[in-house]
Number of protein chains: 2
Amino acid sequence: MNTYSDICRAAHYKLTGHGDRTFAMLLDGFAGVDPGTAADIYGVGQAINGFEAEMAGLLGKPAAIFFPSGTMAQQIGLRIWCDEVGTKRVAYHPLCHLEIHEEGSAKYLHQLEPVLLGDSARLITTDDLAVVEDPIAALLIELPQREIGGQLPSWDALVELVDAAHTRGMRVHLDSARLFESLPYYGKSAGEVAALFDSVYISFYKGLGGVAGAVLAGPADFMASAKVWKRRHGGDLISLYPYITPAKHCYDQRAGKMGHYWEWAKKVASQMNQIPGVRTVPQVPVCNMFHAFFDAPAGAVEAIMGRIATELDIAMVGAIREVDEGHARAEFTFGDAIDAIPKELVEAALEQLAAGLSDR
Amino acid sequence: MNTYSDICRAAHYKLTGHGDRTFAMLLDGFAGVDPGTAADIYGVGQAINGFEAEMAGLLGKPAAIFFPSGTMAQQIGLRIWCDEVGTKRVAYHPLCHLEIHEEGSAKYLHQLEPVLLGDSARLITTDDLAVVEDPIAALLIELPQREIGGQLPSWDALVELVDAAHTRGMRVHLDSARLFESLPYYGKSAGEVAALFDSVYISFYKGLGGVAGAVLAGPADFMASAKVWKRRHGGDLISLYPYITPAKHCYDQRAGKMGHYWEWAKKVASQMNQIPGVRTVPQVPVCNMFHAFFDAPAGAVEAIMGRIATELDIAMVGAIREVDEGHARAEFTFGDAIDAIPKELVEAALEQLAAGLSDR
């Protein structure tokens, strides 16, 4: 029996993402690269240090280090701030990656004590921070806040929040797995956004579409400590070029396309919000992603989208999750795949979605 | 100015290793592989689970997990045994990788309390273990013991040591970064060696010549915990196939060649031991590696080997380290590179080494 994900994989067109995750992602990154290029060796060599320097420059920080994963990079960043400030307490959103996707990493490996700010359904505000007791070593701010549909605070609200934390002696860390996705909304450069923060993490396999990997950037002494912790975590691999070369390739190829992807997110969200029983969060996307909520069980939405994949050859979205009985949710993230689809097919898919939900 | 390592890199022939570490190592591993092959996603998919099953079968363990690094895999393994036994005390050789190459990983991340056994210049014995107080959660045995020239205990001594630990309720973990290198000496299969141990780690970028990566294998519940800790460490990357595919390629290509490499190690060591002022440890290698000690400063040995690299176009060994004033040490590990060298050139290099040391 074909599962929903099998059916989606088989569809020629994909509404969301950059296409299926296959070995081609790696091999495309190495196309035209000299096979004789020297590998990086335990963090040393042009293959790693060149890209780290480029990212440090882009983010306007004294140093940057390439990590195998953001999970590793971020808990290390927070740990270093904790050691510097002298408390294990860190503050972040209740749906922060460290809280819900890492098996308690920061608690088990670094004994950090997370303080969850505000309400899981909305962005952190300065008021949320105001009611938390000192000391807090570091505030982590995620831009965009992925688990609530990729929401972003206004620039003024962001500056106010960071200032409030700094005033109280906190370090402020930017979890910007999707930094480039945020820039069109702010109309700012990566460096202008990063300048608000003491340390910054960016990922290369979300909107940029790389194979894996992350960069942590910050002050020189902070990054010197990060290098030591990277080794302790088992992340100072003899060679990381298999992730770095595709990361650079994808960064060069896609960092400038986030505004284009965002336009598609707004267009599709607008049309989906006109379908009875469907709403998006946020209503008007502020980056290339949104969450769609359906007044229908996940199985029913899968059945409708499965038919669209089979009949129109267009997979709309990979995973459809049950919110509660009779309600489902799906994360739409726009990337290269949308450009390969004839526009009338996008319209046809949305029409068939509306018809399918209406016929239930 | 050209450094010694620049000069070695420029030499056409290499006496030791598998050749320079370049991007070709990755690309060779992917030659002929279908670019449309599905990537592994967070530890799931044939691209990872197929190789894990193959390694579990080879090692005769219920389960195996591919890790980005041995540094990550081993501290996790020891941590799990500690949690199971209920003590933080683990025992290993004073020159264990965890003790000298990992920035105190196990201590800082897992609060393990290492008990160093015996003398750093020789292998661990049953007598060394006998004088250590209980409780010890796990004994780590490294085969071969890399930092003392790749020495191996006799099979009987190994069995006695493992039995002694088991009798006292310890778990016994095998650090076999170089497992395949050890097999010709024992005349045993990987599974026969692994069968002595409760958990096993193997590496893919030492003698096998892969890009990076490791496998940890053991009982099912132990490996289920290892998967959770892998995520906490930041090692559960969205895709590990960039390391797995070359690992499998190199395993298929080189696991059976260790006896051949060993023959070369014995041959070259025998000739080097005839040079006044040179001795190898062990005197007769038991695997494809040995350490050479020179009654000469590191700079003098570099100068002589640099001339050999320039004049004969053959780099003998990468790093020459100072032991103390007037004495140097180098690690010789034999691999594919030796087969590319005309035999008379190997003789000529050893003769020039002897002449160079004699002329000082």
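Residues numbered from 1 in each chain as written. Chains lettered and ligands numbered in written order. Predicted model: local features only at pLDDT ≥ 70, side-chain atom pairs only at ≥ 80, totals over all residues. Heavy atoms only, no water.

Undergrad: Before we go on, may I ask you to explain the overall build of chain A in this structure?
TA: If you tally the helices and strands in chain A, you get 15 helices and 13 strands. Taking 360 residues into account, the globule formula puts the C-alpha radius of gyration at 21 Å, and chain A, at 21 Å, falls close to it. In terms of overall dimensions, chain A has a C-alpha envelope of 60 × 55 × 40 Å along the principal axes. For chain A, restricting intrachain contacts to residue pairs at least 6 apart in sequence, the fraction spanning at least 24 positions comes to 75%. Element-wise, carbon and sulfur atoms account for 51% of the exposed surface of chain A, whose accessible area totals about 13200 Å². Each charge sign in chain A was given a centre, from 30 positive and 45 negative side chains, and these centres are 3 Å apart. (Helix = DSSP H or I, 4+ residues; strand = E, 2+ residues; numbered from the N terminus. Rg over C-alpha atoms; globule rule 2.2 N^0.38 Å. Contact = heavy atoms within 4.5 Å. Areas by Shrake-Rupley, 256 points an atom, 1.4 Å probe, with all protein chains shown as cover. Lys, Arg positive; Asp, Glu negative; His and termini not counted. Charge placed at Lys NZ, Arg CZ, Asp CG, Glu CD.)

Undergrad: In this structure, what is going on with the relation of the copies chain A and chain B? I would like to understand it.
TA: Each of the two copies of the chain can be brought onto the other by a rotation about an axis and a shift along it. For the pair chain A and chain B, the relating rotation is 180 degrees, the translation along its axis is 0.0 Å, and the fit reaches an RMSD of 0.0 Å. What we have between these two chains is a two-fold relation. Proximity to the rotation axis, assessed at the C-alpha, singles out A:Leu109 in chain A; its C-alpha lies 2.6 Å from the axis. The fraction of interface residues of chain A whose copies in chain B are also interface residues reaches 100%, indicating that both copies meet through the same surface. (Least-squares fit on C-alpha atoms with pLDDT ≥ 70 in both.)

Undergrad: Which parts of the structure should I look at to understand the sheet that holds strand 13 (residues 327-333) of chain A?
TA: Within a sheet, each strand pairs with its neighbour through backbone hydrogen bonds, oriented either parallel or antiparallel. Residues and elements named next belong to chain A. The strand order across the open sheet built from 4 strands is 9-10-13-12, with neighbouring strands paired in antiparallel fashion. The open sheet has two edge strands, strand 9 (278-281) and strand 12 (320-324), and neither has a second partner. With direction set aside, neighbouring strand axes in the sheet form an average angle of 30 degrees. Pairing analysis gives 4 bridges linking strand 9 to strand 10 (residues 289-294), with the strands arranged antiparallel. Considered in strand 10, the bridge of Val281 is made with His291. (Pairing = 2+ DSSP bridges. Axes fitted to C-alpha atoms, helices over the stretch in contact; angles between N-to-C directions.)

Undergrad: What is the right way to read the environment of B:Asp324 from this model?
TA: Residue and element names in this part refer to chain B. Tracing the backbone shows Asp324 in strand 12 (residues 320-324). Considering only alpha carbons, one finds Asp324 and Ala296, 28 residues apart in sequence, at a separation of 9.7 Å. Polar side-chain contacts of Asp324 include one of 2.8 Å to the side chain of His327. (Polar contact = N/O pair within 3.5 Å; in protein donor to acceptor, adjacent residues only side chain to side chain.)

Undergrad: What exactly am I supposed to notice about the pattern of salt bridges here?
TA: Between side chains of opposite charge, a pair can form when the charged atoms approach closely. Taken as a whole, this structure holds 34 salt bridges over all chains when the rule is applied. Two residues, B:Glu84 and B:Arg171, come together in a salt bridge whose shortest N-O distance is 2.9 Å. Remark: B:Arg171 occurs in strand 6 (residues 171-176) and B:Glu84 occurs in helix 4 (residues 70-85); sequence separation between them is 87 residues. Owing to a relative accessible area of 43%, B:Glu84 belongs among the partly exposed residues under this scheme. Judged by relative accessible area, which is 21%, B:Arg171 ranks as partly exposed. Salt bridges sharing common partners tie together A:Glu54, A:Lys248 and A:Asp252. (Salt bridge = Lys/Arg side-chain N within 4 Å of Asp/Glu carboxyl O. Buried < 20%, exposed > 50% of the residue type's maximum accessible area, 1.4 Å probe, protein only.)

Undergrad: Explain the domain arrangement of chain A here, please?
TA: Put simply, an interface is often sized by how much accessible area is lost when its parts join up. Residue and element names in this part refer to chain A. Parsing chain A into structural domains produces domain 1 (4-21 + 257-359) and domain 2 (40-238). Distance between the C-alpha centres of domain 1 and domain 2: 30 Å. Taken together, the contact pairs 16 residues of domain 1 with 20 residues of domain 2. Contact between domain 1 and domain 2 buries roughly 1400 Å² in total, counting both sides, with carbon and sulfur atoms accounting for 60%. (Domains from an automatic or database assignment. Buried area = accessible area lost by both parts, 1.4 Å probe.)

Undergrad: Could you clarify how one ought to interpret the packing of helix 4 (residues 70-85) of chain A against helix 11 (residues 220-233) of chain A in this entry?
TA: Between two packed helices, the angle of one axis relative to the other and the distance separating the axes together describe the packing. Residues and elements named next belong to chain A. At a minimum axis separation of 9 Å, helix 4 and helix 11 run at an interaxial angle of 125 degrees. With respect to each other, helix 4 and helix 11 are oriented oblique. The element helix 4 and its partner helix 11 pack so that their crossing is right-handed. Residues Met72, Gln75, Ile76, Gly77, Arg79, Ile80, Trp81 and Asp83 of helix 4 pack against Phe222, Ser225, Ala226, Trp229, Lys230 and His233 of helix 11. (Parallel < 35°, antiparallel > 145°, perpendicular 65-115°, else oblique. Left-handed = near helix turned anticlockwise from the far one by under 90°.)

Undergrad: Explanation requested: the sheet that holds strand 12 of chain B in the structure shown.
TA: All names here are of chain B. In space, the 4 strands of this open sheet follow the order 9-10-13-12, with antiparallel pairing throughout. Edge positions in the sheet fall to strand 9 (278-281) and strand 12, since each has one partner strand and no second. Ignoring strand direction, the axes of neighbouring strands in this sheet form an average angle of 30 degrees. Taken strand by strand, helix 13 (residues 258-272) contacts strand 9, strand 10 (289-294) and strand 13 (327-333), and its axis lies near 15 degrees from that of strand 10. Contacting strand 10, strand 12 and strand 13, helix 14 (residues 298-312) crosses the sheet at an angle of about 155 degrees to strand 12.

Undergrad: What's the story with the interface of chain A and chain B in this structure? I'm lost.
TA: With 48 residues of chain A at the interface, the matching set in chain B holds 48 residues. Carbon and sulfur atoms supply 66% of the area that chain A and chain B bury against each other, a total of about 4100 Å² over both sides. The largest share of the area that chain A buries against chain B comes from A:Phe23, A:Leu109 and A:Arg232, three residues that together contribute 19% of it. Counting the contacts that link chain A with chain B gives 0 salt bridges. Between the two partners, chain A and chain B, sit 25 residue pairs in polar contact (both at pLDDT 80 or more). Elements that contribute at least two residues to the side of chain A that touches chain B include exactly helix 2 (24-30), helix 4, helix 6 (105-110), helix 11 and helix 12 (241-254) of chain A. Of the residues that constitute the side of chain A that touches chain B, the class distribution is 28 nonpolar, 14 polar and 6 charged. (Nonpolar A, V, L, I, M, F, W, Y, C, P; charged D, E, K, R; others polar.)

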